[in-house]
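Results of the structural survey
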Amino acid sequence: QVQLVESGGGLVQPGGSLRLSCAASGTIFRINTMGWYRQAPGKERELVATITSGGLTNYADSVKGRFAISRDNGKKTVDLQMNNLKSTDTGLYYCNADVQISERVYSYNNWGQGTQVTVSS
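Anyway, here's the lowdown on the structure attached to this text. (Residues numbered from 1 in each chain as written. Predicted model: local features only at pLDDT ≥ 70, side-chain atom pairs only at ≥ 80, totals over all residues. Heavy atoms only, no water.)

Notes on the sheet that holds strand 1 (residues 2-7)
Spatial strand order, 1-3-8-7: four strands in an open sheet with antiparallel pairing. The sheet terminates laterally at strand 1 and strand 7 (67-72), the two strands that pair on one side only. Between one strand axis and the next, the sheet turns through 15° on average, direction left out of account. Of the strand pairs in this sheet, strand 7 and strand 8 (residues 77-82) are connected by six bridges, and their pairing is antiparallel. The residue of strand 8 that forms the bridge with Asp 72 is Thr 77. (Pairing = 2+ DSSP bridges. Helix = DSSP H or I, 4+ residues; strand = E, 2+ residues; numbered from the N terminus. Axes fitted to C-alpha atoms, helices over the stretch in contact; angles between N-to-C directions.)

Brief notes about the pairing of strand 7
Because side chains alternate across strand 7, one face comprises the buried residues Phe 67, Ile 69 and Arg 71, and the other comprises Ala 68, Ser 70 and Asp 72, none of which is buried. Where strand 7 folds back on strand 8, the antiparallel hairpin that results is connected by four residues, among which Lys 76 adopts a positive phi of roughly 60°. (Buried < 20%, exposed > 50% of the residue type's maximum accessible area, 1.4 Å probe, protein only.)

Some points on the environment of Gln 1
For Gln 1, the location among the structural elements is in the segment before strand 1. Between the C-alpha atoms of Gln 1 and Thr 27, which are 26 residues apart in sequence, the distance is 5.8 Å.

Brief notes about the environment of Leu 85
Within the element layout of this structure, Leu 85 appears in the loop between strand 8 and strand 9 (91-100). Judged by relative accessible area, Leu 85 falls into the buried class, the value being 1%. When the C-alpha positions of Leu 85 and Val 119 are compared, they lie 6.8 Å apart, and in sequence the two are 34 residues distant. Setting aside residues no more than four positions away along its own chain, Leu 85 makes contact with Val 12, Pro 14, Gly 15, Gly 16, Ser 17, Leu 18, Arg 66, Phe 67 and Val 119. (Contact = heavy atoms within 4.5 Å.)

Observations regarding the nonpolar core
Membership of the largest hydrophobic core comes to 29 residues, with the highest contact counts inside it found for Trp 36, Leu 80, Met 82 and Tyr 93. Breaking this core down by element, the ones donating at least two residues are strand 1, strand 3 (18-26), strand 4 (30-39), strand 5 (46-51), strand 7, strand 8, strand 9 and strand 11 (115-119). When sequence neighbours within four positions are dropped, the list of residues in contact with Tyr 93 reads Glu 6, Leu 20, Trp 36, Tyr 37, Arg 38, Val 48, Phe 67, Leu 80, Met 82, Gly 114, Thr 115 and Val 117. (Core = buried A, V, L, I, M, F, W, Y, C linked by side-chain atoms within 4.5 Å.)

Quick look at the pairing of strand 1
Across a regular strand the side chains alternate sides, sitting on one face of the sheet and then on the other. Burial along strand 1 is one-sided: Val 2, Leu 4 and Glu 6 are buried, and none of Gln 3, Val 5 and Ser 7, which face the opposite way, are. Where strand 1 and strand 3 come together, six bridges link them in antiparallel fashion. The residue of strand 3 that forms the bridge with Leu 4 is Ala 24.

Looking at the state of the cysteines
One pass over the structure, following the stated rule, counts one disulfide. Covalently, Cys 22 is tied to Cys 95 through a disulfide, its sulfur atoms 2.1 Å apart. Because the torsion about its S-S bond is -80°, the bridge between Cys 22 and Cys 95 counts as left-handed. With Cys 22 in strand 3 and Cys 95 in strand 9, this pair connects stretches of sequence that are 73 residues apart. According to the relative accessible area criterion, Cys 95 is buried, its value standing at 0%. (Disulfide = S-S within 2.5 Å.)

What follows is the structure, encoded as C-alpha cells:
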C-alpha cells in the first residue's frame, strides 16, 4: 500500500505565498511521476503541476511563473511553492504519485487526502 500525506495548506492573502509538501510512504520500490492537483468548489479536479523522477516539470498555464514544483527522491517527497497567490487558486490541493512497488508491480494514480488552500483578504 502507498500513502501520500499532504501538509502546508492554510489561509493567505492575495499576493502571498504558501509551500505545500507531500510525503509518500509504504511499499515503494521507486516513485515515478509525482504531481499536484486541485479542486475548487463546484469544479472538477485539475492538474496544477507534475514532475518526473528525472526532474522534468509540467505546469498548468494558470500557474506558470508563480508556482514551482520540486521533489526529493531520497526522502520520497514533493513540494509545491506557490507565490503571488490569487483568489482563483483557492481549492483543495491533492498530491498524486505513480509508484513502482516492486520490479514488476506498479501502482498508478495514488492520491492523498488533500490540503485546503484559501486565498482571501
